[in-house]
Amino acid sequence: MDYRKTDPEFAERFEHFAFDEVVNEEGQQLDEITRHMAIIATLLGCQGIDEFKTELPRALDAGLTPVEVKEIIYQAVDYLGIGRVRPFLDAANEILSERGVKLPLEGQATTTMENRLEEGVKAQAAIFGEGMKEAWKNGHINRWLAANCFGDYYTRKGLDLAQREMITFCFLAAQGGCEPQLTSHAGGNMNMGNDREFL
């Protein structure tokens, strides 16, 4: 649907606000890659699949790599669930294939099935502090968090820990109702150098 034809007044104001006013606000600019990562993560969090299909080509044109896109999507599963993420993975695969990107992409895993828990604990401790080194022992949920969320995803190449914490902040904020987790990940972001002003 071309909103410039069906809704020209809306399109004029929306495009001005989103693509001119906001991105050029003095002292509030993000670099293009970070801005598009945040938009994609936020669209995943709020379940904005239709807008995601419009945003992803813009993000790729601005320089976001297919690997970065896939890493954002993969990591979203631990925060949003596969039921919410699958449509985004399907849409990304379709858009990337249409652009001639050969799938699957080169693997980005750095852990094995044998060391994912150990490496996940290290990633958690790097982000949230030394107290996380024993947290995985407090029940199966904490073990899964360390092994799967951090060991399987945060340890992957393609995004660094600061970027991973930033997209997690976007997933949680856009999803709503996750204020305790959002507070925790605000702290993790700040520990990774994503300060209050950045957030």
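Above: the structure in question.
Residues numbered from 1 in each chain as written. Predicted model: local features only at pLDDT ≥ 70, side-chain atom pairs only at ≥ 80, totals over all residues. Heavy atoms only, no water.

Asks: Lay out the layout of surface pockets in plain terms, naming residues and giving numbers.
Replies: Volume-wise, the largest pocket comes out at about 690 Å³. What lines the largest pocket is a set of 24 residues, and nearest its centre among them are Val-22, Leu-30, Arg-35, Ala-38 and Ile-39. When residues of the lining of the largest pocket are assigned to their parent elements, the largest contribution, 5 residues, is made by helix H3 (residues 32-46). When grouped by side-chain class, the residues that make up the lining of the largest pocket number 15 nonpolar, 4 polar and 5 charged. (1 Å grid on protein atoms, 1.4 Å probe; cavity = no way out; pocket = protein on both sides within 12 Å on 5 of 7 lines; lining within 4 Å. Points joined across faces, edges and corners; volume = space filled by probe spheres on them. Helix = DSSP H or I, 4+ residues; strand = E, 2+ residues; numbered from the N terminus. Nonpolar A, V, L, I, M, F, W, Y, C, P; charged D, E, K, R; others polar.)

Asks: Could you give an account of a negative patch on the surface, naming the residues involved and the relevant values?
Replies: A cluster of acidic side chains, namely Asp-20, Glu-21, Glu-25 and Glu-26, defines a negative patch on the protein surface. Inspection of the secondary structure assignment puts Glu-21 in helix H2 (residues 8-21). Judged by its relative accessible area of 38%, Glu-21 falls in the partly exposed class. (Patch = residues over 30% accessible without salt bridge, like charges linked within 9 Å, V, L, I, M, F, W, Y side chains within 5 Å. Areas by Shrake-Rupley, 256 points an atom, 1.4 Å probe, with all protein chains shown as cover. Salt bridge = Lys/Arg side-chain N within 4 Å of Asp/Glu carboxyl O. Lys, Arg positive; Asp, Glu negative; His and termini not counted. Charge placed at Lys NZ, Arg CZ, Asp CG, Glu CD. Buried < 20%, exposed > 50% of the residue type's maximum accessible area, 1.4 Å probe, protein only.)

Asks: Which residues make up the nonpolar core, and what are the values?
Replies: In terms of nonpolar packing, the biggest core is built from 38 residues, with Leu-44, Phe-52, Ile-72 and Phe-171 touching the most fellow members. Put simply, the parts of the chain that give this core at least two residues each are H3, helix H4 (49-61), helix H5 (66-80), helix H6 (82-98), helix H7 (116-128), helix H8 (140-154), helix H9 (161-175) and helix H10 (179-191). In contact with Ile-72, not counting residues within four places along its chain, are Met-37, Ile-40, Ala-41, Leu-44, Leu-159, Ile-167 and Phe-171. (Core = buried A, V, L, I, M, F, W, Y, C linked by side-chain atoms within 4.5 Å. Contact = heavy atoms within 4.5 Å.)

Asks: Tell me what's going on with a nonpolar patch on the surface, and back it up with residues and numbers.
Replies: On the surface, Met-1, Tyr-3, Phe-10, Phe-14 and Phe-19 cluster together into a nonpolar patch covering about 590 Å² of accessible area. With 3 residues, H2 is the largest single contributor of residues to the nonpolar patch. On the secondary structure map, Phe-10 appears in helix H2.

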